[in-house]
Amino acid sequence: MEGPRRPAWFGCGFRGFGQALGSERGPRSSVLGPEPLVLDDSGEGAPGVLRVRPSWSFTGFLTRDGRLVLSGSVKGQLSGCKDLLASEQHLLILRTDVEGAPVEVQAWAADSELPEKPLWTRPILQQGGWEESGSGDHGGGPLDSALLPLVPDSGWYVSPRKPFFLPLSPELQARQLVLGAEHVLLLGGMGQVYTWGTGRLGQLGHGALEAEPEPRQVEALQGLVMAQVAAGGWHSLCVSEAGDLYVWGWNESGQLALPSRALVEREKTVAGASGLCPCSPEGKLPAKDGDGDSAQFISIQPFPALLDLPGSSEVSQASCGSRHTAVVTRKYGQLGHKNTASLDRPQRVDYFTDNLLHVEAVICGPWNTYVYAEKGKT
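Criteria and thresholds
Residues numbered from 1 in each chain as written. Predicted model: local features only at pLDDT ≥ 70, side-chain atom pairs only at ≥ 80, totals over all residues. Heavy atoms only, no water. Helix = DSSP H or I, 4+ residues; strand = E, 2+ residues; numbered from the N terminus. Buried < 20%, exposed > 50% of the residue type's maximum accessible area, 1.4 Å probe, protein only. Contact = heavy atoms within 4.5 Å. Areas by Shrake-Rupley, 256 points an atom, 1.4 Å probe, with all protein chains shown as cover. Pairing = 2+ DSSP bridges. Axes fitted to C-alpha atoms, helices over the stretch in contact; angles between N-to-C directions. Polar contact = N/O pair within 3.5 Å; in protein donor to acceptor, adjacent residues only side chain to side chain. Salt bridge = Lys/Arg side-chain N within 4 Å of Asp/Glu carboxyl O. Disulfide = S-S within 2.5 Å. Phe/Tyr/Trp six-rings, centres within 6.5 Å; stacked < 30°, edge-to-face > 60°.

This brings us to the overall build of the protein. Within the protein, the secondary structure is distributed over 2 helices and 23 strands. A total of 378 residues make up the protein; the buried ones form 51% of that total. Residue pairs in contact within the protein that sit at least 24 positions apart in sequence constitute 49% of those at least 6 positions apart. Accessible area for the protein stands at about 17,700 Å²; split by element, carbon and sulfur atoms hold 53% of it.

A few words on the pairing of strand E1 (residues 8-14). Taken across its 7 residues, E1 has 6 buried, putting it largely inside the fold. Where E1 and strand E2 (residues 30-36) come together, 4 bridges link them in antiparallel fashion. Bridge assignment links glycine 13 to a residue of E2, and that residue is valine 31.

This part covers unusual backbone geometry. With a phi angle near 60 degrees, alanine 257 is a residue other than glycine that sits in the positive phi range. Tracing the sequence through the fold places alanine 257 in the loop between strand E17 (245-250) and helix H1 (271-274). Of note in this structure, leucine 356 is not a glycine but carries a positive phi near 55 degrees. In this structure, leucine 356 sits in the loop between helix H2 (350-354) and strand E22 (357-364).

This next bit is on the pairing of strand E12 (residues 183-187). Most of E12 is tucked away: 5 of the 5 residues are buried. Bridging between strand E11 (residues 176-179) and E12 involves 4 bridges; their strand directions are antiparallel. The partner of glutamine 176 across the bridge, within E12, is leucine 187. If you look at the hairpin formed by E11 and E12, you'll find 3 residues sitting between the two strands. Here 5 bridges tie E12 to strand E13 (residues 193-197), and the two strands are oriented antiparallel to one another.

Read across the sheet, 4 strands follow the order E3-E4-E5-E6 without closing on themselves; strand pairing throughout is antiparallel. A strand with exactly one partner marks an edge of an open sheet, and here the two such strands are strand E3 (49-54) and strand E6 (76-78). Ignoring which end each strand starts from, the neighbouring axes of this sheet average 20 degrees apart. Relative to E6, strand E5 (residues 68-72) is paired through 3 bridges, and the arrangement is antiparallel. Residue pairing in the sheet places valine 69 in a bridge with glutamine 77 of E6.

Mapped onto the secondary structure, glutamine 317 falls in strand E19 (residues 315-320). Between the alpha carbons of glutamine 317 and alanine 230 there is a distance of 9.5 Å; along the sequence they are 87 residues apart. A polar atom in the side chain of glutamine 317 sits 3.0 Å from the backbone oxygen of valine 362.

Glancing now at the pattern of salt bridges. For the coordinates displayed, the defined rule picks out 7 salt bridges. For glutamate 314, the salt bridge identified is with arginine 330, shortest N-O distance 3.3 Å. Placement of glutamate 314 in the loop between strand E18 (300-307) and E19 and of arginine 330 in the loop between strand E20 (325-329) and strand E21 (335-336) is noted, with a sequence separation of 16 residues between them. Here arginine 330 falls in the partly exposed class, since its relative accessible area comes to 38%.

With that settled, consider the state of the cysteines. Across all of its chains, the model carries 0 disulfides by this definition. The cysteine cysteine 320 is free of any disulfide, with cysteine 364 supplying the nearest cysteine sulfur at 6.8 Å. Cysteine 320 sits in the buried class, given a relative accessible area of 8%.

All chains considered together, the criterion is met by 11 aromatic pairs. Measuring from ring centre to ring centre gives 5.9 Å for phenylalanine 61 and tyrosine 370, while their planes differ by 80 degrees; the resulting arrangement is edge-to-face. Taken as a pair, phenylalanine 61 in strand E4 (residues 58-63) and tyrosine 370 in strand E23 (residues 368-375) lie far apart in primary sequence, 309 residues in all. An identical accessibility class is assigned to phenylalanine 61 and tyrosine 370; each is buried. Ring centres of tyrosine 351 and phenylalanine 352 lie 5.3 Å apart, and the angle between their planes is 85 degrees; this geometry places the pair in the edge-to-face category. Here phenylalanine 352 falls in the buried class, since its relative accessible area comes to 2%. Among the aromatic residues, those joined into a ring-pair cluster are Phe14, Phe17, Trp56 and Trp367.

Here is the structure:
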């Protein structure tokens, strides 16, 4: 008799800081294909992980018993945790009481070893609106980011001051807020998409490259009801209630699944000499012009483009990394993303179909990907 189905997390991509990503604990800097996630050296899997929150050099794992386990350049554990926003400078953690109810938000310094106490603590005065929504217990659903308050990302703070709150217009009725490197996407209550921030790489979707200091509705999407938004480093996407995928922004690595000139000849990284983060556009040399008509390549897509997936697949969930995009389809639970080579078109990861795994959720870190899948589900 077949045993019970046991959902599990899988990982692939960059692990140069030793962050848990697959089953092997060796010195490899990358995991080229999906592997079952192992959190410690015991070799045991990670069935108790509910949510995965990756930053560039470390990843936070939230478990069923309320523990936060940090792996990579930042190590340590905390109990009584419900959710996490991770950046390279700070951790923004939602702490709970003995009954598991959220009681306060804490900001911790992202040191190699977790400090003894947080930088600041802010009590949660109103408990309403914290129910988990539509994502199952794996925490990968489109509204999962609503577990934390709609406050700016913890990486924005250069001093250990408490966060500020800027009231949004009441008609926005925010359902989801996601953060890119320099821009913000907000999903409104009626399925509208608003963006603001820096627009120099087309990531705002307004057809121009100017910045927007206030939320502005994406006019090209008016009349379409969206169910999810996602922000990469400098690109954006949204998924409609009908399962259509719209993409826009920077396409340097083919992350929009549109033709990219930069994939013909890759640039050399100058981040080490310049001191810039290698995931930043300024941390790369300009691409050299190659042969061919430049009109067939898209470096910047400044307004939303409807993306056709193979087999006219409908999308149930999508996620963005710094320079890559992953989607889960409704029919087969397929995951589309770049693997060992950069691609500017969708490609299915056969590992999951070959092993009869149904993908439920996908979480993109800046340079890696985590997948939540269930065995034998049809």
